[in-house]
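# Descriptive analysis of the structure
Chain residues, written in single-letter form:
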Amino acid sequence: MSILSAKKYVFSKETDQYLVGINQAFRFVVRFFKEVFSRPFHFREVINQCFEVGLKSLPLITVTGFIIGIVFTKQSRPSLESFGASSWLPSLMGVALVKALGPLVTALICAGKVGSSIGAELGSMKVTEQIDAMEVSAINPFKYLVVTRVLATTITIPLLALYCSFVALYGSYVNVHAEEATGIIIFYKNAFSSISFIDIFTSLSKTIVFGFTIGVVGCYKGYNAIQGTRGVGKAANQAVVLAMFLVFLEEIVIVQVANWIRYF
Amino acid sequence: MENQEQHIINKGESVIAIKRLYKSFEDLHVLKGIDFNVFKGENVAVLGKSGSGKSVLIKIIVGLLKPDKGEVVVLGKDIDKLEGKELDALRLRIGFSFQSSALYDSMSVYENLAFPLTMNFKHLGKKEVDAAVMEALDAVGLTDKVRQMPSDLSGGQRKRTGIARTLILNPEIMLYDEPTSGLDPVTSSEINELINEVQKRYNTSSVIITHDLTCAKATGNRIAMLIDGKFLKIGTFNEVFDTKDEQVTKFYNYNFIQ
């Protein structure tokens, strides 16, 4: 097309923009995999980002996990008691918290806290030309900013999810202990009695995928922010909404795949 | 365009050579086939109204934007054809001072300057980095601000720090994007002096993008007047403004009446 001719759209402006957006996002992910295995490696920055993502999310994860453990146990007890099955409570909590709630709650908290923070930080760097400044100084901003952050979320969120599950189980134990005076070792033993290796493997895989998604979405939205400060807000907001949506979508797909593997 | 060819002749080695450069953003045609040369050791001020494509021009020179058509040869290399390490190697020879200064706001002044150095020359020890940082800060007169955060600096100090961050890599070409915008006349004049000092001290060739005639006159060995995506006139200040062309006189009168 001549550079002086009028711009033509294949479908409509909106549809074309949407398709271009999908293409850009796909290329962004492909670029991540290309860059992650090439030199130079910014290990120190990955550790810094792990600290930002992990340690700073710990208080929120601890409080949320503990409360979920207590509340979920409290809510489940009457139903089990009506069948005379309250002794199954630790097993139920183990399955619910380790397999589903722990990873999901951690991912949602991190999508909100970490995803928005990455989106806003990179968005702000983009609109104030800090990313361009890195590029003209012969520093690869994608490698320094995106690869390190995505690696940090991919490494840290599974650990946070594991921690969240244990804290939630402890919250559940506190509730069970108050009612039945069960010992903590027996509680944890019962809680893990119904959990197989494939459950742990699925949970771990799920949280790795969640961590990667939250990092990529936050970085993608921030890295491509436009329209000044308004764009920064938009990037942070879209990073949270899209990451949460994708986390739910991935949860459904991974659970289906895990069930399929279990049966075959 | 009448003065362009005569200035290319007998000017020595060309460090930036642009031929028939076009750049559009969707339906907006910003640069419409411009030719432009910068010779070794000279300062060229590119003058034009806001939105005339001045910043787009230097972003193409440093490879931040791709041209639609045309040739951009910087220090003997066609920048549009470079990628990866080759592009990085060329960028290390070009300093870019941003309109907004673009300082890394999570880093102190020291870290802002040390960052490009340590990322590109990993073998450097702390003493060498410290010395280079202090030398660059000395060149812009900000050695006392080394531990400050960018948010603690004034507009002029931010501009100076931005310039120091580029100087630390010893560039051969300096590109200044609106170096005096948003500054008071006194600070603007200090920045103009700094641009001239940098040219002498580091023996750089510079392109100064500005809409400020005082800045263009104070810093530019040549002035290039960019209007409607094309260079209307290129020459010394007097050559460019000794004209009855309404587009040029309007610009001159507006600036000096202001």
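Numbering of residues starts from 1 in every chain and runs along the sequence as written. To label them, take the chains in the order written and letter them from A, then take the ligands in the order written and number them from 1. Given that this is a predicted model, residues contribute local features only at a pLDDT of at least 70 and side-chain atom pairs are listed and counted only at 80 or more, while totals for whole chains, interfaces and linings are drawn from all residues. Only heavy atoms go into the side-chain values, all of them from the structure, while hydrogens and water stay out.

## As for a nonpolar patch on the surface
Residue and element names in this part refer to chain A. Within the patch definition used here, like charges are joined within 9 Å and nonpolar side chains (Val, Leu, Ile, Met, Phe, Trp, Tyr) within 5 Å, considering only residues with over 30% relative accessible area and no salt bridge. Accessible areas in this description were obtained via Shrake-Rupley with a 1.4 Å probe; residue shielding takes into account the shown protein chains only. We count a salt bridge whenever a side-chain nitrogen from Lys or Arg sits within 4 Å of a carboxyl oxygen from Asp or Glu. A contiguous nonpolar patch, built from I252, V253, V257, W260, I261, Y263 and F264 and spanning about 860 Å² of accessible area, is present on the exposed surface. Along the chain, F264 turns up in the segment after α9 (228-263). Only protein chains enter the calculation, and the probe is 1.4 Å; a residue is then buried if its accessible area is under 20% of its type maximum, exposed if over 50%, and partly exposed in between. What makes F264 exposed here is its relative accessible area of 75%. Helix and strand labels come from DSSP, where a helix needs a run of H or I of at least four residues and a strand needs a run of E of at least two; each type is numbered from the N terminus.

## Overview of helix α5 (residues 126-140) of chain B
Think of an α-helix as 3.6 residues a turn; residues three or four steps apart then line up on the same face. All names here are of chain B. Each residue after the first adds 1.5 Å to the expected span of a helix. Here α5 spans 21 Å end to end across 15 residues, near enough to the 21 Å set by a 1.5 Å rise per residue. Turning to α5, its buried residues number three or more, namely V129, A132, V133, A136, L137, A139 and V140. The buried residues of α5 all sit within an arc of 155° when viewed along its axis, so they share a single face. Throughout, a residue-residue contact means that at least one pair of heavy atoms, one from each residue, lies within 4.5 Å. In the core, the buried residues of α5 are packed alongside α4 (109-120), α6 (155-167) and α7 (185-202). Within this analysis, the arc is defined by the directions that extend from the helix axis to the C-beta atoms.

## Brief notes about a positive patch on the surface
On the surface, R20, K32, K69 and K230 of chain B cluster together into a patch of positive charge. One can find K230 of chain B in strand β10 (residues 230-235). Charge assignment in this entry is limited to Lys and Arg as positive and Asp and Glu as negative, and neither His nor the chain termini are counted. Every charge is mapped to an atom, namely NZ of Lys, CZ of Arg, CG of Asp or CD of Glu.

## Observations concerning the sheet that holds strand β1 (residues 14-25) of chain B
Residues and elements named next belong to chain B. At least two DSSP bridges between two strands are needed for those strands to be called paired. Across the sheet, four strands lie side by side as β2-β1-β4-β5; this open sheet has antiparallel pairing. Both outer strands of the open sheet, β2 (28-39) and β5 (77-78), are each paired with one neighbouring strand and no more. Axes here mean lines fitted to C-alpha atoms, for a helix over just the part in contact, with angles spanning 0 to 180 degrees between N-to-C directions. With respect to the sheet, helix α2 (residues 54-61) is in contact with β1, β2 and β4 (69-74), its orientation differing from that of β1 by roughly 120°.

## Re the interface of chain A and chain B
A common way to express how large an interface is: the accessible area buried when the components associate. If you look at the interface, chain A gives 21 residues, while chain B gives 28 residues. Where chain A abuts chain B, roughly 2100 Å² becomes buried across the two surfaces, and 59% of that area is made up of carbon and sulfur atoms. Counting the contacts that link chain A with chain B gives two salt bridges. For R91 of chain B, the salt bridge goes to E135 of chain A, with nearest N and O atoms at 3.7 Å. The term buried area refers to how much accessible surface (probe radius 1.4 Å) is lost by two components on association, counted for both of them together.

## Details of the layout of surface pockets
Using protein atoms alone on a 1 Å grid, points that fit a 1.4 Å probe yet trap it form a cavity, whereas open point sets bounded by protein on both sides within 12 Å along at least five of seven lines form a pocket; residues with an atom within 4 Å of a point count as lining. Grid points are joined across faces, edges and corners, and a volume is the space filled by probe spheres set on the points. Here the second largest pocket defines a volume of roughly 680 Å³. Lining the second largest pocket are 22 residues, and of these R44, E45 and Y144 of chain A together with F115 and M119 of chain B lie nearest its centre. Mapped by element, the contributors of at least two residues to the lining of the second largest pocket are α2 (43-54), α4 (89-127) and α6 (141-180) of chain A together with α4 of chain B. Put simply, Ala, Val, Leu, Ile, Met, Phe, Trp, Tyr, Cys and Pro go in the nonpolar bin, Asp, Glu, Lys and Arg in the charged bin, and everything else, Gly too, in the polar bin. A class-by-class count of the residues in the lining of the second largest pocket yields eleven nonpolar, five polar and six charged.

## Brief notes about the pairing of strand β8 (residues 205-210) of chain B
All names here are of chain B. Burial runs high along β8: six of the six residues are buried. Here β8 shows a buried face lined by S205, V207 and I209 and a second buried face lined by S206, I208 and T210. For strand β3 (residues 43-47) and β8, the ladder comprises five bridges, and the chain directions are parallel. When the sheet's bridge partners are listed, L47 is paired in β8 with T210. Relative to β8, strand β7 (residues 173-177) runs parallel, the two sharing five bridges. In the strand pairing of β8, D177 is matched with I209. If the strands point away from the viewer and the path from the first strand over the helix to the second runs clockwise, then the crossover is right-handed. At this point the chain moves from β7, through α7, to the parallel β8, and the crossover so formed is right-handed.

## Some points on the domain arrangement of chain B
Residues and elements named next belong to chain B. Delimitation of the domains relies on an automatic or database domain assignment. Parsing chain B into structural domains produces domain 1 (1-87 + 174-182 + 206-258) and domain 2 (94-170). With centres defined by C-alpha atoms, the gap from domain 1 to domain 2 works out at 27 Å. Each side of the interface is counted separately: domain 1 has 13 residues, and domain 2 has ten residues. Summed over both sides, the interface between domain 1 and domain 2 buries roughly 1000 Å², with carbon and sulfur atoms accounting for 68% of that surface. The three residues of domain 1 that bury the most area against domain 2 are M174, L175 and D177, which together make up 43% of that side's buried surface. Taken together, the links from domain 1 to domain 2 amount to zero salt bridges. We define a polar contact as two N or O atoms separated by no more than 3.5 Å, with the added condition that, inside protein, one atom must be a possible hydrogen donor and the other a possible acceptor, whereas residues neighbouring each other in sequence contribute only through side-chain atom pairs. For the pair domain 1 and domain 2, the number of links is five residue pairs in polar contact (both at pLDDT 80 or more). Going through the elements one at a time, α2 and β7 are the ones with two or more residues in the side of domain 1 that touches domain 2. Among the elements that make up the side of domain 1 that touches domain 2, the one with the highest residue count is β7 (four residues). The residue makeup of the side of domain 1 that touches domain 2, split by class, is nine nonpolar, one polar and three charged.

## Considerations on unusual backbone geometry
Outside of glycine, negative phi angles account for most residues, and trans bonds account for most peptide bonds. Following R39 of chain A, the chain continues into P40 of chain A via a peptide bond in cis, with omega recorded as -5°. With respect to the helices and strands, P40 of chain A occurs in the loop between α1 (13-36) and α2. Unlike most non-glycine residues, A138 of chain A shows phi in positive territory, near 65°. The residue A138 of chain A is located in the loop between α5 (130-136) and α6 in this model. One non-glycine residue, E178 of chain B, adopts positive backbone phi at about 45°.

## Overview of the sheet that holds β10 of chain B
Residues and elements named next belong to chain B. Read from one edge to the other, the open sheet built from six strands follows the order β6-β7-β8-β3-β9-β10, with strand pairing classed as mixed. Edge positions in the open sheet fall to β6 (94-97) and β10, since each of these has one partner strand only. Ignoring strand direction, the axes of neighbouring strands in this sheet form an average angle of 15°. In this structure, β3 lies alongside strand β9 (residues 222-227), joined through four bridges in parallel fashion. The residue bridging V46 from the neighbouring strand is A224, located in β9.

## What about the side chain of S76 of chain A?
Residue and element names in this part refer to chain A. Examined against the element boundaries, S76 turns out to sit in helix α3 (residues 58-82). Given a relative accessible area of 12%, S76 falls into the buried group. Polar side-chain contacts of S76 include one of 2.7 Å to the backbone oxygen of F72. Residues contacting S76, with those up to four places away along its chain left out, are L89, L92 and M93.

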